[in-house]
Amino acid sequence: MKMHTLRKGSAALAAGALAVTLAACGSGGPGNSVSADSATMWGLTGGNQPVLQKSVDSWNSAHSSESIKLDFFANDAYKTKVRTAVGAGQGPTFIYGWGGGVLKSYVDAGQVEDLTSFLDKNPDVKDRYLPSVLKNGQVNGKQFAVPNNNAQPVVLYYNKEIFDKVGAQAPKTWDDLMALVPKFKAAGIAPFSLGGQSKWPDLMWLEYLTERIGGPQVFADIAANKPNAWSNPAVTDALTKIQQLVDAGGFVNGFSSIAADSNADQALLYTGKAAMILQGGWIYQTMKKNAADSIKNGKIGWVTFPTVDGGKGDPADIVGNPSNFWSVSSKATDAQKKSAEDYIKSGMFTDADTQALIDSGAVPVVKGIEGKLQASPDKDFLTFVYGMVKDAPSFTLSWDQALSPAQGDAMLSNLDQIFLKKITPEQFVSTMNATIGK
């Protein structure tokens, strides 16, 4: 989340430790110089890193007076660092985010620029995006962030070789999924990989199960801070099913010590140690790079999350990240703000950038790309993801980003306890109801 947890702990310690990382990761691009008044940009390591680096290098080469200083951070480290920096009024010019409650917290604190008039003056920029995705950068009807990369629904990946070995089919229902657990265990294979140490991968299970059981309104009520919204029976049912899957041995041994930032969770899938993984669409890019043969040879398959018998949710509903976004810091200098707006206008989603995203195994959130997706060697996955996004009646933003930072922290911490069987679903619901409105 991809991608998603917000860390507690000592902000000062985190900022100090990451100062070393900042110095080590910085790049103005090969042969490009950056001035003291350059716009600053923080991005995430992993899937889209080469595409973003190439985009900024190209921009800097052609715009020496509006150069951008780009630094990369691992997902979890970034979320700690950026929240601390923005809160102190020392964030980068370009603030990388997911929209939702975290963006709203920046807006409420006056930390990000209102981009509404910028988009009104630049209709070509506004019109490049899929409208449903662009809306996720709005707060109270005003645009405070613009999409900057690709659609990232959560997908159920599976290892076709392992499925063939045990004579199994990809699960279409929750009962199918549970019936696969003993089959894979008997073959000495973990049914599911899970990066539990990172906590945010746990959330994908709660999001989809709640969605399939109760439909999108369940979380919409939670996000709207309706009193006792967590008490919806769909949430308790979803938590119960998660613990039943844990009890059945559904997850790889030691899942709570596996980190998603290191890609250790996905490696278990393509090396054949785990049969399946529920993860974001973004991990396809990493597997394409780290397990090229597995992708090229069609070893990895993918399906939508199973239906739940009696559930109210539409099987076409999805969860995940409609895109990542750029916000512009309100604390930046006028020159930095101008550089940021100019880059957003003419440095992003150029033909070359859009093609680079597609070549990396991603679906850009812009219009008119169907032909390019069809021409890609990854067309099966790309058209699958594009279809998911295009046809979804509901695309719910990852809950830890949709909620306020305080609620997101509490949810991930308590969900970790659910997976470890240290609290009951009822205790989770009670704890989370107490965070409503915070």
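The structure displayed is predicted, hence computed values, not measured ones.

Peer 1: Just to check I follow, could you spell out the overall build of the protein chain for this structure?
Peer 2: When helices and strands are counted, the protein chain shows 22 helices and 13 strands. Over its C-alpha atoms the protein chain spans a radius of gyration of 21 Å, differing by no more than 12% from the 22 Å that the globule rule assigns to 438 residues. Taken over the C-alpha atoms alone, the protein chain extends approximately 65 × 50 × 40 Å along its principal axes. The burial tally for the protein chain puts 58% of its 438 residues in the buried class. Total accessible area computed for the protein chain in this model is approximately 17000 Å², and 51% of it derives from carbon and sulfur atoms. Taking the 40 positively charged and 41 negatively charged side chains of the protein chain as two groups, their mean positions are separated by 2 Å.

Peer 1: Can you walk me through unusual backbone geometry in this structure?
Peer 2: Most of the time, phi is negative for any residue but glycine, and the peptide bond is trans. Here the phi dihedral of N225 falls at roughly 60°; this positive angle occurs in a residue that is not glycine. Summarising the element assignment, N225 is placed in the loop between helix 11 (217–223) and helix 12 (233–247). Given a relative accessible area of 31%, N225 falls into the partly exposed group. Even without being a glycine, K421 presents a positive backbone phi close to 60°. Residue position: K421 is located in the loop between helix 21 (405–419) and helix 22 (425–433). We classify K421 as partly exposed; its relative accessible area is 38%.

Peer 1: Got a minute to help me understand the environment of K54 in this structure?
Peer 2: By the element assignment, K54 lies in helix 2 (residues 49–62). Placed 298 residues apart in sequence, K54 and A352 show a C-alpha to C-alpha distance of 9.7 Å.

Peer 1: What is the right way to read the pattern of salt bridges from this model?
Peer 2: Note that side chains of opposite charge can pair when their charged atoms are close. Applying the stated rule across the entire model yields 14 salt bridges. The salt bridge involving K69 is made with D71; its shortest N-O contact spans 3.2 Å. Overall, K69 belongs to the partly exposed group, its relative accessible area being 30%. Taking relative accessible area as the criterion, D71 reaches 2% and is therefore assigned buried. If you follow the salt bridges from partner to partner, you end up with E66, K338 and D342 in one network.

Peer 1: Please explain the packing of helix 9 (residues 174–186) against helix 12 as it appears in this structure.
Peer 2: Helix packing for two helices is described by the angle between their axes and how far apart those axes are. Axis separation between helix 9 and helix 12 bottoms out at 10 Å; the angle between their running directions is 20°. Comparing the axis directions of helix 9 and helix 12 gives the class roughly parallel. Crossing handedness for the pair helix 9 and helix 12: right-handed. Counting all contacts with helix 9, which are made through W174, L177, M178 and V181, the residues of helix 12 involved are K241, Q244 and L245. In terms of residue class, the contact of helix 9 with helix 12 is made up of five nonpolar, one polar and one charged.

Peer 1: Before we go on, may I ask you to explain the pairing of strand 11 (residues 318–321) in this structure?
Peer 2: For strand 7 (residues 152–159) and strand 11, the ladder comprises two bridges, and the chain directions are antiparallel. Looking across to strand 11, one finds that Q152 is bridged to N321.

Peer 1: What is the right way to look at the packing of aromatic side chains in this model?
Peer 2: The geometry of an aromatic ring pair is captured by the separation of the ring centres together with the interplanar angle, meaning the angle of the planes. According to the stated counting rule, one finds 29 aromatic pairs in the structure shown. The interplanar angle of 75° and the centroid separation of 5.5 Å between the aromatic rings of Y96 and W326 together place this pair among those described as edge-to-face. A residue pair is termed long-range when its members are at least 10 positions apart, and Y96 in strand 3 (residues 94–97) and W326 in strand 12 (residues 325–328) qualify at 230 residues. You'll find Y96 and W326 in the same group, each marked buried.

Peer 1: Quick question: what am I supposed to make of the nonpolar core here?
Peer 2: Y157, W205, W230, Y343 and F428 are the most contacted members of the largest nonpolar core, which has 141 residues in total. Top element by residues in this core is helix 10 (residues 200–214). It accounts for eight residues. Among all residues touching W230, those that are not within four sequence positions of it are I222, V235, W399, L403, M411, F428, V429, M432, N433, T435 and I436.

Peer 1: Explanation requested: helix 21 in the structure shown.
Peer 2: In an α-helix there are 3.6 residues to a turn, and that puts residues three or four apart on one side. Over its 15 residues, helix 21 extends 21 Å from the first C-alpha to the last, a length consistent with the 21 Å expected when each residue adds 1.5 Å. Extensive coverage of helix 21 is indicated by the burial of 12 of its 15 residues. All buried positions along helix 21 are accounted for by P405, Q407, G408, D409, A410, M411, L412, N414, L415, D416, I418 and F419. Each element contacted by the buried residues of helix 21 is listed here: helix 3 (75–87), helix 4 (100–108), helix 10, helix 12, helix 20 (399–402) and helix 22. With its phi angle positive at about 60°, K421 sits one or two positions after the end of helix 21.

Peer 1: Even after reading the chapter, I still don't get helix 17 (residues 351–360), so can you show me in this structure?
Peer 2: D353, T354, A356, L357, I358 and S360 are the residues of helix 17 that are buried. Following helix 17 by one or two positions, G361 has its phi on the positive side, about 100°.

Peer 1: Mind showing me how you'd approach the confidence of the model for the protein chain here?
Peer 2: Interpretation of this model should avoid reading the predicted coordinates in detail wherever pLDDT is low. When the pLDDT values of the protein chain are averaged, the result is 91; 92% of them are 70 or greater. Low pLDDT (under 50) marks residues 1–33, which in the prediction has 89 contacts with non-local residues, meaning those over four places away or in another chain.

Peer 1: Explain the side chain of S376 to me, please; I cannot follow it from the model alone.
Peer 2: Following the sequence through the fold, S376 ends up in the loop between helix 18 (370–374) and helix 19 (379–391). You can call S376 buried: its relative accessible area is 7%. Within polar-contact distance, the side chain of S376 engages the backbone nitrogen of D378 at 2.9 Å. Excluding anything up to four places from it in sequence, S376 contacts I358 and L382.

Peer 1: Quick question: what am I supposed to make of the environment of T431 here?
Peer 2: With respect to the helices and strands, T431 occurs in helix 22. In this structure, the C-alpha to C-alpha distance between T431 and I258, residues 173 residues apart in sequence, is 26 Å.

Rules of the game
Residues numbered from 1 in each chain as written. Predicted model: local features only at pLDDT ≥ 70, side-chain atom pairs only at ≥ 80, totals over all residues. Heavy atoms only, no water. Helix = DSSP H or I, 4+ residues; strand = E, 2+ residues; numbered from the N terminus. Rg over C-alpha atoms; globule rule 2.2 N^0.38 Å. Buried < 20%, exposed > 50% of the residue type's maximum accessible area, 1.4 Å probe, protein only. Areas by Shrake-Rupley, 256 points an atom, 1.4 Å probe, with all protein chains shown as cover. Lys, Arg positive; Asp, Glu negative; His and termini not counted. Charge placed at Lys NZ, Arg CZ, Asp CG, Glu CD. Salt bridge = Lys/Arg side-chain N within 4 Å of Asp/Glu carboxyl O. Axes fitted to C-alpha atoms, helices over the stretch in contact; angles between N-to-C directions. Parallel < 35°, antiparallel > 145°, perpendicular 65-115°, else oblique. Left-handed = near helix turned anticlockwise from the far one by under 90°. Contact = heavy atoms within 4.5 Å. Nonpolar A, V, L, I, M, F, W, Y, C, P; charged D, E, K, R; others polar. Pairing = 2+ DSSP bridges. Phe/Tyr/Trp six-rings, centres within 6.5 Å; stacked < 30°, edge-to-face > 60°. Core = buried A, V, L, I, M, F, W, Y, C linked by side-chain atoms within 4.5 Å. Expected span 1.5 Å × (residues − 1). pLDDT = per-residue confidence, 0-100. Polar contact = N/O pair within 3.5 Å; in protein donor to acceptor, adjacent residues only side chain to side chain.

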